[in-house]
Amino acid sequence: MFSDNKKPRTMTEFGGQPNRIEKNTKIKGDITSEADFRIDGKLEGNVKTSGKVVIGKDGYIKGKVECVNADIEGKFNGELQVNDLLSLKASAIIEGTVSVSKLAVEPGATFNAACTMGKGASAPAAASTHKLQPNKTNEPAKVS
């Protein structure tokens, strides 16, 4: 029991405790949290957090992720919105669309994504007016 002068502590008072989805765990659904999140298992759904998302070497997310920072060693397929730094380790495999402020990629990482970078990149209006246009012939793409 709590005494009259003490109230129960909530996770939000401390920014939340880190959350973890362990290896050999599969989840379908959406997750919203104010704390950091580490995925070593498989998640099919969306993650929204005001913290950091870490996808471990055996981790996999298929869906949409919105976070402040992300470290990826495993696989991601979907839409990734990182307000600050996205760090891709050598074992990372990324497919889909990525919106990020800063990007760090280790040699060996697979990055097959449409990427928008810069401050406020998570907002669609922040996309650059200069876009690479695909060229139907075998000539190099040109900036328009």
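Relevant structure appears above.
Residues numbered from 1 in each chain as written. Predicted model: local features only at pLDDT ≥ 70, side-chain atom pairs only at ≥ 80, totals over all residues. Heavy atoms only, no water.

Some details on the overall build of the protein
Move 1: Check the secondary structure of the protein and you find 0 helices and 14 strands.
Move 2: In sequence order, the protein lays out its α and β elements as β-β-β-β-β-β-β-β-β-β-β-β-β-β.
Move 3: For the protein, the proportion of its 144 residues judged to be buried stands at 30%.
Move 4: Sequence separation of at least 24 residues holds for 2% of the intrachain contacts in the protein that already meet a minimum separation of 6.
Move 5: Counting every atom, the protein has about 9,400 Å² of accessible surface; 51% of that belongs to carbon and sulfur. (Helix = DSSP H or I, 4+ residues; strand = E, 2+ residues; numbered from the N terminus. Buried < 20%, exposed > 50% of the residue type's maximum accessible area, 1.4 Å probe, protein only. Contact = heavy atoms within 4.5 Å. Areas by Shrake-Rupley, 256 points an atom, 1.4 Å probe, with all protein chains shown as cover.)

Thoughts on the pairing of strand β7 (residues 52-55)
Move 1: As defined by bridge partners, strand β4 (residues 37-39) adjoins β7 across 3 bridges and the pair is classed as parallel. Each residue of the ladder has a partner; that of Phe37, found in β7, is Val53.
Move 2: Pairing analysis gives 4 bridges linking β7 to strand β9 (residues 69-72), with the strands arranged parallel. Paired with Lys52 across the bridge in β9 is Asn69. (Pairing = 2+ DSSP bridges.)

Some words on the side chain of Gln81
Move 1: Mapped onto the fold, Gln81 is located in strand β10 (residues 75-88).
Move 2: Polar contacts involving the side chain of Gln81 include one to the side chain of Glu79, which spans 3.0 Å. (Polar contact = N/O pair within 3.5 Å; in protein donor to acceptor, adjacent residues only side chain to side chain.)

Description of the environment of Gly74
Move 1: Considering the arrangement of structural elements, one finds Gly74 in the loop between β9 and β10.
Move 2: With 14 residues separating them along the chain, Gly74 and Leu88 place their C-alpha atoms 9.0 Å apart.
Move 3: Once residues within four sequence positions are removed from consideration, Gly74 is found in contact with Ile55, Gly56, Lys57, Gly59, Ser91, Ala92 and Ile93.

Notes on the pattern of salt bridges
Move 1: Counted according to the given criterion, the structure contains 8 salt bridges.
Move 2: Asp40 serves as the salt-bridge partner of Arg38, at 2.9 Å between the closest nitrogen and oxygen.
Move 3: Judged by its relative accessible area of 26%, Arg38 is partly exposed.
Move 4: With a closest N to O distance of 2.9 Å, Lys52 and Asp71 form a salt bridge. Of the two residues, Lys52 is situated in strand β7 and Asp71 in strand β9; the sequence distance between them amounts to 19 residues.
Move 5: By relative accessible area, which is 28% here, Lys52 ends up partly exposed.
Move 6: Salt bridges linked by common partners bring Arg20, Glu22, Arg38 and Asp40 together as one network. (Salt bridge = Lys/Arg side-chain N within 4 Å of Asp/Glu carboxyl O.)

Overview of the nonpolar core
Move 1: Counting residues in each nonpolar core, the largest one holds 23 residues, and the members touching the most others are Val53, Ile61, Val65, Ile72, Phe76, Leu80 and Leu86.
Move 2: For Leu86, the residues in contact, after removing those within four places along its chain, are Ala70, Ile72, Leu80, Val98, Val100, Lys102, Leu103 and Ala104. (Core = buried A, V, L, I, M, F, W, Y, C linked by side-chain atoms within 4.5 Å.)

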